[in-house]
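One letter stands for each residue in the lines below.
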Amino acid sequence: RRSGQYTMNHENSKKAPDGAPFDRSGSQDSLDELSMDDYWKELENIHETRGNNHEEQEALVVKEPDEGELEEEWLKEAGLSNLFGEPGDSLESMVFLSTLTRTQKAAVEKRVETVTQTMRKKNKQYQIPDVRDIFRLQNDSKGKVCDGSEPSTVRTFENKNETQDEAKGPKFSLGTDEQTRPPEDMRLSETAINLEISFSEQAANLKDSSVGKMCKGGGDDTLLPNFKLPKDKTGTTKIGDLAPQDMKKVYSLALIELTALYDILGTEFKQQKAAKIKTKDSGLFGVPLAVLLEQDQKKVPGTKTPLIFQKLISQIEEATLETEGLLRIPGVAARVKSLCQELEAKFYEGTFNWENVKQHDAASLLKLFIRELPQPLLTVEYLKAFQDVQNLPTKKQQLQALNLLVLLLPEANRDTLKVLLEFLQRVIDHRDKNKMTLKNVAMVMAPNLFTFHGFGSKSVEQSEFVMAAGTANVMRFMIQYQKLLWTIPKFIVNQVRKQNAESQKKEKKDKAMKKLLKKMAYDREKHEKQDKTPNDADVPQGVIRVQAPHLSKVSMAIQLTEELKAADIVARFLSQKSGNVQTLKREEVFLYEIGGNIGERCLDDDTYMKDLYQLNPNAEWVIKPRNS
């Protein structure tokens, strides 16, 4: 290990010509073989810690799925279980399928085909639809029959949708046919992350073009580009900005999109599944995240990350982040073990004496906490997918895959990972003093997140050498691009909008068809018309009414202009004083887009309101605190 004689994946393995030593300068934040030393030292420390732990918890066992089981589970996760005979809302599924891109549909068809073949072998009682019929059914329901070939099935349906929707409401660019050949002005620079076009569609275009051949990894594969997001006039959507019902749709779409991306790039995407094991139902170390949060929220309502996790980070920071070798130099093993036991007994009682905890010991306890989770922080389901990011051809595609994977993490895991990455970045910000560059921190933290003890089988041990540089690279990406990773791509938000709009359209049709509800619908429409008349007269064209129930000025009509942003509207409200004491600060309140084709969305300050109004003309606009 120390001599660097180990195998690494393709481009990650680099040797110096004629045995010349590598330049380890911090200015070139690259991963050479000598710098892997930190990784192996950290791994030795981990093994030593485990060796001293006589109360080793039950190892997590990953189940080998039966034929078709993975695909069946995938369809359930994507909300499409009714496609293979399970009960579910078929209408909702048809709406969902109608919003998918060409590559996303191909990913669904592939899994349905596998499940269909498996079930036919097992002689299941219920009728399994032919995979080619799934998307054709949508056309039949609109009175149009396709000729049977898969590409025309997808395209005919999408084109029909476009024709129907042209005159009705705002048009959503979902990246269907128009994506397959993006115009020249849509092809962004190599460092710009295009969030408007489906990642898998971009990969398909890149694969078929000569540009794709030029852009594949080559040359120096270790320097990280300065990736950035182009400004979106309708506002950037971050994780936490959307309502739970829309986040559920985002999850399904992210799963399908990630699978489609891996399919296009020829990388196998398999969700792992763990056999159930007995876990601790109280304590600090080795307790499931969900259980920890449940007990912590009784003490601190609303907390999103474990209290012990927060306290260990603050303990490290209180002592200054300029300490040389912070995170790399381990604490004294015996002392760390003793502190761990003392924390278990005294932390919740509030009697633990933090003054006795040395900084390196606190850093070791933080890493121990992450490793001792009964399931990995990156989850059993997606740990392998995170590892496999290293195998994708370009850095941009690796970043896109990580973005989708972060969207797929459970909320508790995602929130904890975010706090960890933000802390690691703060450590790196002091690299001139602590000598911990992005490269060093990634090397030290990768074994703690990726070599999960629960998988403890020979396969992981044998692949440690193969994984080492790759997972360290993935760790670098997560730290470096963390702000980008917590963004929900616009094409996914648009697909959610499309689903909501289509569902509302179908609901209205269904209500109109039911005779028993005819009178009720008539009365309601009449009542709504009466309600709307004064508002319509009150709010002229190009003006929106903004409500602010928590502020002294509770309502205001706002004239939309080309340059008006969400921040301008909030500032206008906060400047109005009408006798009431203004208790809310600027950073505590946000403008929300509510209803229409979205459940609820917290707006980015730089959102251009006229552009957003055109996208969602039926929304209501409310200023309120984020957690209200």
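Residues numbered from 1 in each chain as written. Predicted model: local features only at pLDDT ≥ 70, side-chain atom pairs only at ≥ 80, totals over all residues. Heavy atoms only, no water.

**Some words on the overall build of the chain**
In terms of regular secondary structure, the chain is built from 25 helices and seven strands. Here the chain holds 628 residues, and the buried ones make up 49% of them. Sequence separation of 24 or more characterises 76% of the internal contacts of the chain that already satisfy a separation of 6 or more. Surface exposure of the chain reaches about 30500 Å², of which carbon and sulfur atoms provide 50%. (Helix = DSSP H or I, 4+ residues; strand = E, 2+ residues; numbered from the N terminus. Buried < 20%, exposed > 50% of the residue type's maximum accessible area, 1.4 Å probe, protein only. Contact = heavy atoms within 4.5 Å. Areas by Shrake-Rupley, 256 points an atom, 1.4 Å probe, with all protein chains shown as cover.)

**Notes on the packing of helix H17 (residues 411-429) against helix H19 (residues 438-450)**
Two numbers describe a pair of packed helices, the interaxial angle and the distance between the axes. Put simply, H17 and H19 touch, their axes get as near as 10 Å, and they point 150° apart. Taken as axis vectors, H17 and H19 run roughly antiparallel relative to one another. For the crossing formed where H17 meets H19, the hand is right-handed. Mapping the contact onto sequence places Leu-417, Leu-420, Leu-424, Val-427 and Ile-428 in H17 and Leu-438, Val-441, Met-445 and Leu-449 in H19. When its residues are assigned to classes, the contact of H17 with H19 shows nine nonpolar, no polar and no charged. (Axes fitted to C-alpha atoms, helices over the stretch in contact; angles between N-to-C directions. Parallel < 35°, antiparallel > 145°, perpendicular 65-115°, else oblique. Left-handed = near helix turned anticlockwise from the far one by under 90°. Nonpolar A, V, L, I, M, F, W, Y, C, P; charged D, E, K, R; others polar.)

**A word on the pairing of strand S7 (residues 620-625)**
Counting buried positions over the six residues of S7 gives five, a clear majority of the element. Pairing of strand S3 (residues 543-547) with S7, which is carried by two bridges, proceeds in the parallel orientation. In the strand pairing of S7, Val-546 is matched with Trp-621. Here strand S5 (residues 589-595) runs beside S7; their pairing, made up of six bridges, is antiparallel. The residue bridging Val-589 from the neighbouring strand is Pro-625, located in S7. (Pairing = 2+ DSSP bridges.)

**Observations concerning the packing of aromatic side chains**
Aromatic ring pairs are reported here in terms of the distance separating the ring centres and the angle at which the planes meet. In this structure the tally under the stated criterion is eleven aromatic pairs. Judged by centre distance (4.8 Å) and plane angle (70°), the rings of Phe-352 and Trp-354 are edge-to-face. Taken individually, Phe-352 and Trp-354 each receive the classification buried, so the pair is uniform in this respect. A centroid spacing of 5.3 Å and a plane angle of 75° characterise the contact between Phe-477 and Tyr-481, whose relative ring orientation is edge-to-face. Aromatic ring contacts, followed pair by pair, group Phe-347, Tyr-348, Phe-352 and Trp-354 into a single cluster. Sitting above the plane of the Trp-354 ring, Lys-311 keeps its charged end 5.2 Å from the centroid. Positioned above the aromatic ring of Phe-590 is the side chain of Arg-626, whose terminal nitrogen or guanidinium carbon lies 5.5 Å from the ring centre. (Phe/Tyr/Trp six-rings, centres within 6.5 Å; stacked < 30°, edge-to-face > 60°. Lys NZ or Arg CZ within 6 Å of the ring centre and 35° of its normal.)

**Topic: helix H10 (residues 244-264)**
Between its first and last C-alpha, H10 extends 30 Å over 21 residues, near the 30 Å set by a 1.5 Å rise per residue. Burial analysis of H10 places 15 of its 21 residues in the buried class, which makes it a mostly covered element. Looking at the residues trailing H10, positive phi occurs at Gly-266, about 70°. (Expected span 1.5 Å × (residues − 1).)

**Here we look at unusual backbone geometry**
One non-glycine residue with positive phi stands out, namely Thr-379, at about 70°. Secondary-structure assignment places Thr-379 in the loop between helix H14 (359-372) and helix H15 (380-388). Of the residues examined, Thr-379 reaches a relative accessible area of 5% and is grouped as buried.

**Comments concerning the environment of Ser-252**
By the secondary structure assignment, Ser-252 is in helix H10. A relative accessible area of 10% means that Ser-252 is categorised as buried. For Ser-252 and Phe-96, which are 156 residues apart along the polypeptide, the C-alpha to C-alpha distance reads 9.5 Å. Setting aside residues up to four positions removed in sequence, Ser-252 forms contacts with Glu-77, Ala-78, Gly-79 and Phe-96. Among the polar contacts made by the side chain of Ser-252, one reaches the main-chain carbonyl oxygen of Ala-78 at a distance of 3.4 Å. (Polar contact = N/O pair within 3.5 Å; in protein donor to acceptor, adjacent residues only side chain to side chain.)

**Side note on the pairing of S5**
Here S5 lies mainly inside the structure; five of its seven residues are buried. Both S5 and strand S6 (residues 598-602) contribute to a ladder of four bridges, which runs antiparallel. Along S6, the bridge assignment pairs Glu-593 with Arg-601.

**Considerations on the pattern of salt bridges**
Considering all chains together, one arrives at 23 salt bridges under this definition. Note that Glu-42 and Lys-367 form a salt bridge whose closest N and O atoms lie 3.1 Å from each other. Of the two residues, Glu-42 sits in helix H1 (residues 37-52) while Lys-367 sits in helix H14, which places them 325 residues apart along the sequence. According to the relative accessible area criterion, Glu-42 is buried, its value standing at 3%. (Salt bridge = Lys/Arg side-chain N within 4 Å of Asp/Glu carboxyl O.)

**Comments concerning the nonpolar core**
In terms of nonpolar packing, the biggest core is built from 121 residues, with Val-108, Leu-327, Leu-424, Leu-449, Phe-450, Met-475 and Met-478 touching the most fellow members. For this core, the element with the most residues is H10, which contributes ten residues. Here Met-475 is in contact with Leu-421, Leu-424, Ala-442, Met-445, Ala-446, Leu-449 and Phe-450, once residues within four sequence places are set aside. Core analysis: the next-biggest nonpolar cluster, separate from the first, contains 22 residues, Val-546, Ile-558, Leu-591 and Ala-619 among them. (Core = buried A, V, L, I, M, F, W, Y, C linked by side-chain atoms within 4.5 Å.)

**Quick word on the sheet that holds strand S4 (residues 555-559)**
Taken in spatial order, the five strands line up as S4-S3-S7-S5-S6 in an open sheet, and their pairing is mixed. Looking at strand neighbours, the two that pair on one side only are S4 and S6, the edges of this open sheet. Each strand of the sheet is rotated relative to its neighbour by a mean of 25°, with strand direction disregarded. Of the strands in this sheet, S3, S4, S5 and S7 touch helix H24 (residues 566-574), which is tilted by about 115° from S5.

**A look at the side chain of Gln-359**
Among the structural elements, Gln-359 can be located in helix H14. There is a polar contact of 2.5 Å between the side chain of Gln-359 and the side chain of Thr-323.

**Describing the environment of Gly-286**
By secondary structure assignment, the location of Gly-286 is in the loop between H10 and helix H11 (289-299). Sequence spacing of Gly-286 and Phe-369 is 83 residues, and the spatial spacing of their C-alpha atoms is 7.3 Å.

**Structural notes on the confidence of the model for the chain**
Mean pLDDT for the chain: 78, with 69% of residues reaching 70 or above. Scored below 50 in pLDDT, residues 141-168 shows 45 contacts in the model against residues more than four places distant or in partner chains. Note on residues 210-221: pLDDT under 50 across the span, and 16 contacts to partners over four residues away in sequence or across chains. (pLDDT = per-residue confidence, 0-100.)

**Topic: helix H12 (residues 307-318)**
Compared with an ideal rise of 1.5 Å per residue, which puts twelve residues at 16 Å, H12 spans 16 Å between its outermost C-alpha atoms and is within 8% of the ideal. Turning to H12, its buried residues are Leu-307, Ile-308, Phe-309, Leu-312, Ile-313, Gln-315 and Ile-316. In this fold, the buried residues of H12 make contact with H11, helix H13 (333-346), H14 and H17.

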